[in-house]
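# Structure at a glance
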Amino acid sequence: MRVNEQAVKNILKSVGNAKLVAATKYVGIEEINELEKLGVKYFGENRVQAFLEKYEKYHGAQEFHMIGTLQPNKVKYIIDKVSLIHSIDSYSLIKEVEKQAKKHDLKMPILIQVNVAKEESKHGFAVEEIEDVFDYLKECPHLIVKGLMMMAPHIDSNDTAVYFKQTKELFDQLNCKYSEFEMTELSMGMSNDYHEALKYGATMIRVGSALFE
């Protein structure tokens, strides 16, 4: 896969004040360096081992985010290397990130993943349990809850609007009830549907294939 320079420039221009998180799962350090030269500031990785290999070779100045499913036993390897974990999807993961952040004497920015569409194939907390989750997060002093993350179903992008709208409404409700967290980030939208996500308040889009050719 090669970086599509014009596509990167177009997407960066289209996101406005939102952040483009380049999903770099299928590319190496050369492509990451090229993306950085084009103005990409955030790189999203899915797999811990692959991320660690790239991290060792990376000498740039931008941020890495963990955007894929994260197993609790892998947290210790990335806790001091990523700037944000998008995919906090279980109590066991919350506990481990809190434990490792405390151990490293740092405060870890996180997003809580919600499964708005109730898809069995997707990770994330159910909307019905999200307030219990946020009550629990109050007892985690080493976590900084920055907002929510969601993945829309793989359907026509025009049909994903309802899920983005529901996530934005949930985000606003939680921000009112749990104002102490001062949440600012809504990570939603991928290569096939980021235009719709931006319409409904996404502050971060996770785009991979659309950046390459």
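It should be emphasised that the depicted structure is a prediction, and the values quoted were computed from it without experimental measurement.

Across soluble globular proteins, nonpolar side chains have a tendency to be buried as a group. The biggest cluster of nonpolar side chains holds 63 residues, and the ones touching the most others in it are Ile 85, Val 97, Ile 110, Ile 112, Phe 134 and Leu 137. Excluding its chain neighbours within four sequence positions, the residues that come into contact with Val 97 are Val 75, Ile 79, Ile 85, Ile 88, Met 108, Ile 110 and Leu 143. In terms of nonpolar packing, the next biggest core, distinct from the first, is built from 8 residues, Tyr 42, Leu 84, Leu 111 and Met 204 among them.

Attention now goes to the pattern of salt bridges. Side chains that carry opposite charge are capable of pairing whenever their charged atoms lie near each other. Within the structure shown, the criterion is met by 12 salt bridges. The closest approach of N and O atoms between Glu 45 and Lys 54, which form a salt bridge, is 2.9 Å. Accessibility assignment for this pair places Glu 45 and Lys 54 in one class, buried. Across the pair Lys 81 and Asp 80 runs a salt bridge whose closest N-O atoms are separated by 3.3 Å. Among the residues examined, Lys 81 registers a relative accessible area of 24% and is labelled partly exposed. Bridged by salt links that share partners, the residues Asp 135, Lys 138 and Glu 180 form one connected network.

Bringing the UniProt feature "modified residue: N6-(pyridoxal phosphate)lysine" (unreviewed entry) in the protein into the picture now. Mapped onto this numbering, the UniProt entry annotates "modified residue: N6-(pyridoxal phosphate)lysine" (unreviewed entry) at Lys 25. Considering the arrangement of structural elements, one finds Lys 25 in the loop between strand S1 (19-23) and helix H2 (29-37). Residue Lys 25 is classed as partly exposed on the basis of its relative accessible area of 27%. Excluding residues that lie within four positions of it along the chain, Lys 25 makes contacts with Gly 44, Glu 45, Asn 46, Arg 47 and Lys 54. At a separation of 3.4 Å, a polar atom in the side chain of Lys 25 contacts the side chain of Tyr 26.

A few words now on the packing of aromatic side chains. What the rule picks out here adds up to 11 aromatic pairs. Judged by centre distance (6.3 Å) and plane angle (65°), the rings of Tyr 55 and Phe 64 are edge-to-face. When the centroid spacing of 5.2 Å and the interplanar angle of 85° are considered together, the rings of Tyr 58 and Phe 64 count as edge-to-face. Per residue, the accessibility class of Tyr 58 equals that of Phe 64, and both read buried. A network of ring pairs unites the aromatic residues Phe 43, Phe 51, Tyr 55, Tyr 58 and Phe 64 as a single cluster.

Turning next to the side chain of His 65. Assignment of secondary structure puts His 65 in strand S3 (residues 63-66). A polar contact of 2.9 Å, which involves the side chain of His 65, links it to the side chain of His 86. The contact partners of His 65, leaving out residues within four places of it in the chain, are Val 21, Tyr 42, Phe 43, Gly 44, Glu 45, Val 82, Ser 83, Leu 84, His 86 and Met 204.

A word on unusual backbone geometry. One non-glycine residue, Asp 105, adopts positive backbone phi at about 55°. On the secondary structure map, Asp 105 appears in the loop between helix H5 (91-103) and strand S5 (108-113). Judged by its relative accessible area of 68%, Asp 105 is exposed. Phi is positive for Glu 182, which is not a glycine, with a value near 50°.

In this section: the packing of helix H6 (residues 130-137) against helix H7 (residues 161-177). Two elements in contact, H6 and H7, have axes separated by 12 Å at closest approach and are oriented at 40°. Our classification of the angle between H6 and H7 gives oblique. For the pair H6 and H7, the crossing hand works out as right-handed. From H6, Ile 130, Glu 131 and Phe 134 reach across to H7, where they touch Leu 170, Leu 174 and Lys 177. A breakdown of the residues in the contact of H6 with H7 according to their chemical character gives 4 nonpolar, no polar and 2 charged.

This part is about the packing of H5 against H6. One can describe the packing of H5 onto H6 by two numbers: an axis separation of 12 Å at closest approach and a directional angle of 15°. By the angle between their directions, the pair H5 and H6 is classed as roughly parallel. For the element pair H5 and H6, the recorded crossing hand is right-handed. Contacts from Tyr 91, Ile 94 and Lys 95 of H5 reach H6 at Asp 132, Val 133, Tyr 136 and Leu 137. Of the residues contributing to the contact of H5 with H6, the split by class is 5 nonpolar, no polar and 2 charged.

Reading the values: rules and limits
- Residues numbered from 1 in each chain as written.
- Predicted model: local features only at pLDDT ≥ 70, side-chain atom pairs only at ≥ 80, totals over all residues.
- Heavy atoms only, no water.
- Core = buried A, V, L, I, M, F, W, Y, C linked by side-chain atoms within 4.5 Å.
- Buried < 20%, exposed > 50% of the residue type's maximum accessible area, 1.4 Å probe, protein only.
- Contact = heavy atoms within 4.5 Å.
- Salt bridge = Lys/Arg side-chain N within 4 Å of Asp/Glu carboxyl O.
- UniProt positions renumbered as here; feature names shortened; annotations may be inferred.
- Helix = DSSP H or I, 4+ residues; strand = E, 2+ residues; numbered from the N terminus.
- Polar contact = N/O pair within 3.5 Å; in protein donor to acceptor, adjacent residues only side chain to side chain.
- Phe/Tyr/Trp six-rings, centres within 6.5 Å; stacked < 30°, edge-to-face > 60°.
- Axes fitted to C-alpha atoms, helices over the stretch in contact; angles between N-to-C directions.
- Parallel < 35°, antiparallel > 145°, perpendicular 65-115°, else oblique.
- Left-handed = near helix turned anticlockwise from the far one by under 90°.
- Nonpolar A, V, L, I, M, F, W, Y, C, P; charged D, E, K, R; others polar.

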